[in-house]
Amino acid sequence: MTLADRPPAAALLFQTLLAHGPLTRADVGRRTGLSAGAITKVATPLLTDGWIVELGRSAERTNGRPATLIAVRAERARFVGMKITGDELIGVLADLTAQTRATARAGLGSRDVGTVVLTIARLVDRLSAQVAPREREPGAIQGIGVTISGDVDGHTGTVQYSPFLNWRRVPLADLVRAATGIPTVIENDVRALTVAEQWFGAGVGLSSFAVVTVGAGIGCGISIGGRVVSGAHGVAGEVGHLPVGGTDRVCTCGNTGCVEAVASTQAITEQARQAVGDPALTMDEAVRLAHAGHSGVRAVFSRAGRAMGLALASVANLVGPERIIISGEGLATYDLYEDEIRSTFAARAFGAAADCDLVVRPLPFEEWARGGAAVAVQRVFAPAK
Ligand SMILES: [Zn+2]
């Protein structure tokens, strides 16, 4: 019996143990509202099948006897998480608690769907080969979670639109499943990162938070009441396409005035090229010029910072999260727009929304890939409705 076939109380017990570590049955009861009888009923088969394990005794006593701690058995299942960027795959092999056991990367020679799927399958094999032989038997990997930027429908496993790969309506989950023989889920990369932050990052224990990522795109994942918002139609949190004004630049989505049209890495590079009059200027050179005080290039970074500050203020005004975590590869140049981000946020966040804590958190792509593994784990015990 898979976890997904079990009653909802089993998923609740499992989720509680994943989030809060070893607990006594009484702790589980306090956190979930399940009765002692209900906990015994769902815990016994999970213990028998090895999904959870009894550890030592806690200091707490039940009827005069020390209470037993129960915990998720991390080694019961393995999962692969993968992030696809425009030119590379980043993969992790994780256990049932989404702890990373192995990592690997592979370059993408082409963005053609067949090539990417084949490269994913090869990277899964490489990750498997990194673990002990006894853990390598077929079926040892319970699921794969692939994450990709853009409009991703996790329910049908379809990439509706990926601007960076130029993919439309690609049934990626089915293709990866066919190539690897392993159940596969896909998710928008920023939402997967948000799941990881909710589970074991800077979002642990918060009633609501958002992750805003800056870099090749401007993304946002929103967690409310312990759930990452996925949108009724598969799109949510697309702050990169909030209209913040300006008609001089066309966004990857085809509109003008989007945050991404002035604040993505590509947009900053193109504007810096215009400011300097050098069509071959690289981002690294633009950063050097900005640090050296080139006023035109500094203005480009300031404009990007204002757009991002407006995006953050919009998230705070709409959702009112306890915290906004700012991450993404664009943090490498964060010092060049931090002042504008913070001042714009302070000016535009309405009233107490400005109390939202802004946390800057550099996270490597392996952490994004780990989000894919976390999504795959979640799907096993709490399948998408
Ligand atoms: Zn746009």
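Every value quoted in this text rests on a predicted model; they were computed, and no experiment measured them. Counting starts from 1 at the beginning of each chain's written sequence and moves along it residue by residue. Reporting of local features is limited, given that this is a predicted model, to residues whose pLDDT is at least 70; pairs of side-chain atoms are given and counted only at 80 or more, and all residues count toward the totals for whole chains, interfaces and linings. Excluded from the side-chain calculations are hydrogens and water; all other atoms, namely the structure's heavy atoms, are used.

**Considerations on the pattern of salt bridges**
Think of it this way: side chains of opposite charge can pair up when their charged atoms draw near.
Item 1. Take a side-chain nitrogen of Lys or Arg and a carboxyl oxygen of Asp or Glu: if they are within 4 Å of each other, that pair is a salt bridge. Scanning the entire structure with this criterion turns up 15 salt bridges.
Item 2. The salt bridge partner of Asp27 is Arg30, with a shortest N-O separation of 2.8 Å. You can see Asp27 and its partner Arg30 sitting in helix α2 (residues 25–32), 3 residues apart, about one turn around the helix.
Item 3. Take Asp27: its relative accessible area is 19%, and that puts it in the buried class.
Item 4. Of the charged contacts, one joins Asp357 and Arg323 as a salt bridge, the two residues approaching to 3.0 Å between their closest N and O atoms. Pair noted here: Asp357 is in strand β16 (residues 357–360) and Arg323 is in strand β15 (residues 323–327), with a separation of 34 residues, a long-range link.
Item 5. What makes Asp357 partly exposed here is its relative accessible area of 32%.
Item 6. In this structure, a network of salt bridges that share partners links the residues Glu88, Arg105 and Glu366. Labels follow the DSSP assignment, with helices taken as runs of H or I lasting at least four residues and strands as runs of E lasting at least two, numbered in each case from the N terminus. Summary of the burial criterion: residues with accessible area below 20% of their type's maximum are buried, those above 50% are exposed, and those between are partly exposed, where the area comes from a 1.4 Å probe applied to protein chains only.

**A few points about the domain arrangement of the chain**
Often the size quoted for an interface is simply the accessible area lost on bringing the parts together.
Item 1. The domain limits used here are those given by an automatic or database domain assignment. Partitioning the chain into structural domains gives domain 1 (3–75), domain 2 (77–194 + 366–381) and domain 3 (203–360).
Item 2. Here the C-alpha centre of domain 3 lies 27 Å away from the C-alpha centre of domain 2.
Item 3. Every residue pair with non-hydrogen atoms within 4.5 Å of one another is taken to be in contact. At the junction of the two partners, domain 2 supplies 13 residues and domain 3 supplies 19 residues.
Item 4. Joining two parts hides part of their accessible area as seen by a 1.4 Å probe, and the buried area is that hidden amount summed over both. For the pair domain 2 and domain 3, the summed buried surface comes to about 1,100 Å²; carbon and sulfur atoms form 63% of the total.
Item 5. Among the residues of domain 2 in contact with domain 3, Val190, Arg191 and Thr194 are the three that bury the most area, contributing 50% of the side total.

**Re helix α6 (residues 189–200)**
Structurally, the α-helix is built with 3.6 residues per turn, so residues lying three or four positions apart point the same way.
Item 1. Here a helix's expected span is defined as the number of its residues, less one, multiplied by 1.5 Å. The first and last C-alpha atoms of α6 sit 16 Å apart over 12 residues, in line with the 16 Å expected at 1.5 Å per residue.
Item 2. Looking only at α6, the buried set comprises Asp189, Val190, Arg191, Ala192, Leu193, Thr194, Val195, Ala196, Glu197, Gln198 and Trp199.
Item 3. The distance from a side-chain oxygen at the start of α6 to the backbone nitrogen of Val190 is 2.9 Å, and the residue carrying that oxygen is Asn188. Whenever a nitrogen or oxygen atom comes within 3.5 Å of another N or O atom, the pair is scored as a polar contact, on the condition that within protein one atom can donate a hydrogen and the other can accept it, and that pairs from neighbouring residues in sequence are kept only if both atoms are in side chains.

**Points about helix α5 (residues 172–180)**
Item 1. For α5, the set of buried residues is Leu172, Ala173 and Val176. Taken end-on, α5 shows its buried residues confined to a sector of 100°, consistent with a single buried face.
Item 2. Contacts made by the buried residues of α5 are with β4 (78–84), α4 (113–129), β7 (141–148), β9 (158–162), β10 (167–170) and β11 (184–188).
Item 3. Looking one or two residues past α5, Gly181 carries a phi angle of roughly 75°, positive in sign. Our arc is simply the arc of the directions from the helix axis toward the C-beta atoms.

**Concerning the side chain of Thr68**
Item 1. Position of Thr68 among the secondary structure elements: in strand β3 (residues 65–72).
Item 2. The class for Thr68 is buried, based on a relative accessible area of 17%.
Item 3. With near-sequence residues (within four places) excluded, Thr68 lies in contact with Leu23, Thr24, Arg25, Glu54, Leu55, Gly56 and Arg57.

**Observations concerning the environment of Val375**
Item 1. With respect to the helices and strands, Val375 occurs in helix α12 (residues 365–381).
Item 2. For Val375, a relative accessible area of 5% gives the class buried.
Item 3. Spatially, the C-alpha atom of Val375 lies 18 Å from that of Gly219, the residues being 156 residues apart in sequence.
Item 4. Setting aside anything within four residues of it in sequence, one finds Val375 in contact with Val185, Glu187, Ala192 and Val195.

**Comments concerning the sheet that holds β4**
Item 1. A pair of strands is treated as paired once DSSP finds two or more bridges between them. Sheet architecture is open: 5 strands sit in the order β6-β5-β4-β7-β11, paired in mixed fashion. Each having just a single partner strand, β6 (100–107) and β11 make up the two edges of the open sheet. Each adjacent strand pair in this sheet contributes to an overall mean axis angle of 20°, direction not counted.
Item 2. Pairing between β4 and β7: 7 bridges, direction parallel. Looking at β7, one finds that Lys83 is bridged to Thr147.
Item 3. Note on definitions: angles span 0 to 180 degrees between N-to-C directions of axes, and those axes are lines fitted to C-alpha atoms, for helices only across the stretch in contact. Contacts from α5 reach β4, β7 and β11 within the one sheet, and its direction differs from that of β11 by about 145°.
Item 4. Along the sheet face, α6 touches β4, β7 and β11 and points at about 100° away from the line of β11.

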